[in-house]
Amino acid sequence: MLNKMLNENLLKLDTETAFSVLTRAGELEKAGFSIVNLGIGQPDFSTPAHIVEAGIKALKDGAHGYTPSMGLVSLREAVFKDLTERYGYCPPISQIQITPGGKPDIFMAAMIYGGRKKEIILPDPSFPIYTSSVAYSGATPVTYGVNEENGFAFNADEILSKITSRTSMIMINSPHNPTGGITPASEISKLVDGLISYPDITLFSDEIYDRLVFETPPHSLLSYPEILDRLIVLNGWSKTYAMTGWRIGFGIWPKQSVEFADKIGVNYHSCVNAATQYAALAATSGDQGCVENMRIIFKRRAKLITEKLNNITGINCQLPGGAFYAFPNITGLGLASDDIQTILLEDYGVAGLAGTAFGHNGEGYLRLSSANSDDSIIKACTMIEQLANNHA
Ligand code: PLP
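Residues numbered from 1 in each chain as written. Predicted model: local features only at pLDDT ≥ 70, side-chain atom pairs only at ≥ 80, totals over all residues. Heavy atoms only, no water.

What to know about the domain arrangement of the protein chain
According to the domain assignment, the protein chain consists of domain 1 (8–47 + 289–390) and domain 2 (49–285). Distance from the C-alpha centre of domain 1 to the C-alpha centre of domain 2: 24 Å. Between domain 1 and domain 2, the contact holds 40 residues from the first and 42 residues from the second. For the pair domain 1 and domain 2, the summed buried area comes to about 3400 Å², and 58% of that belongs to carbon and sulfur atoms. Linking domain 1 with domain 2 are two salt bridges. Across the pair Lys103 and Glu16 runs a salt bridge, and its minimum N-O distance is 2.6 Å. (Domains from an automatic or database assignment. Contact = heavy atoms within 4.5 Å. Buried area = accessible area lost by both parts, 1.4 Å probe. Salt bridge = Lys/Arg side-chain N within 4 Å of Asp/Glu carboxyl O.)

Okay, here's the thing in structure tokens:
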């Protein structure tokens, strides 16, 4: 029961199971158990040295104060240049906001476009913060599927069929967490075309994994001029440059809402810490070889984990097109996803996440992060095989 003095929307706020599993895995390790952690979604690499050095240098050089609330001009200029070069277009730097991770952009978008009587359309399964933030705002999350039968891509017609007079925003994410699926450019174009008939609806494109693609070229909604006046793009440095703990990302906002994003930012965090912004500047403006090296390794590991999982009776896994997640179908094991998550961690020492941590459609799946060494992936799959054999 919630104390009656508290905001009742707090009951709608959810969390990220990845963090509770991370904590439990830590406790088990402390108690002397050996744990393979395929739970949390973060690169196992260190941040490349030249980026770390830039952060240290900034601290030594005295970057100890506040920066502009929207972020350092030099950093926003670097983002503008990078996106313009890679996708052909980027709104002016007045619409680029540097945020403490990409995650706050989800919360801000929900605060700006949500609220009572609004509906926001989002994927199921999806990064759990979408539903949580939307529900907390008072809006109703309306879901569409990202299904195995469709290669874990979204279906534009399904999304468009969910639109009502209350729809204020549609959220999409490709490459997709938790499935690693990629929605083909043709399907994205279809969605954009369909949205021409709904000029008041804003499109939120989460592109945090845009450069972690294996077979297809990186793709962005920035390449669609017809939607730019109502497009929000989330992106950042966490996944691309192995910088999850630095807490830095960015949102690109349409003119209609950028002032509110800035106001929320000022109310909440003022600005991202200065040294981190200089580190991000070094990342974006420096040599991109580190990104390509990591991408190649993630691609190899995606194949490795898929092959190993497909060798286990009762498990079927599609090859992910991007990001660093495998989303095996585990219905053949005859256990609920939540139970497998618990048994796997407590009895077999493998941290993975139940598909249901990402929505109802995640039942029957597990999310395993392949951002781990080959040895850890092989060890985890051996343990999963033992679990499968013991429950056959
Ligand atoms: N969007 C998606 C789909 C994610 O998977 C994540 C992190 O896991 C984020 C956004 C947030 O990233 P950050 O760590 O930069 O806040």
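Alright, that's what it looks like, and here's the rest.
Details of the sheet that holds strand S8 (residues 249–252)
A sheet is described by the order of its strands in space; here seven strands give the open sequence S2-S8-S7-S6-S5-S3-S4, paired in mixed fashion. The strands lining the two open edges of the sheet, one partner per strand, are strand S2 (96–99) and strand S4 (140–145). Pairs of neighbouring strands in the sheet enclose a mean axial angle of 20°, with direction left out of account. Lying on the sheet, helix H3 (residues 73–87) is in contact with S2 and S8; it crosses S2 at an angle near 115°. (Pairing = 2+ DSSP bridges. Helix = DSSP H or I, 4+ residues; strand = E, 2+ residues; numbered from the N terminus. Axes fitted to C-alpha atoms, helices over the stretch in contact; angles between N-to-C directions.)

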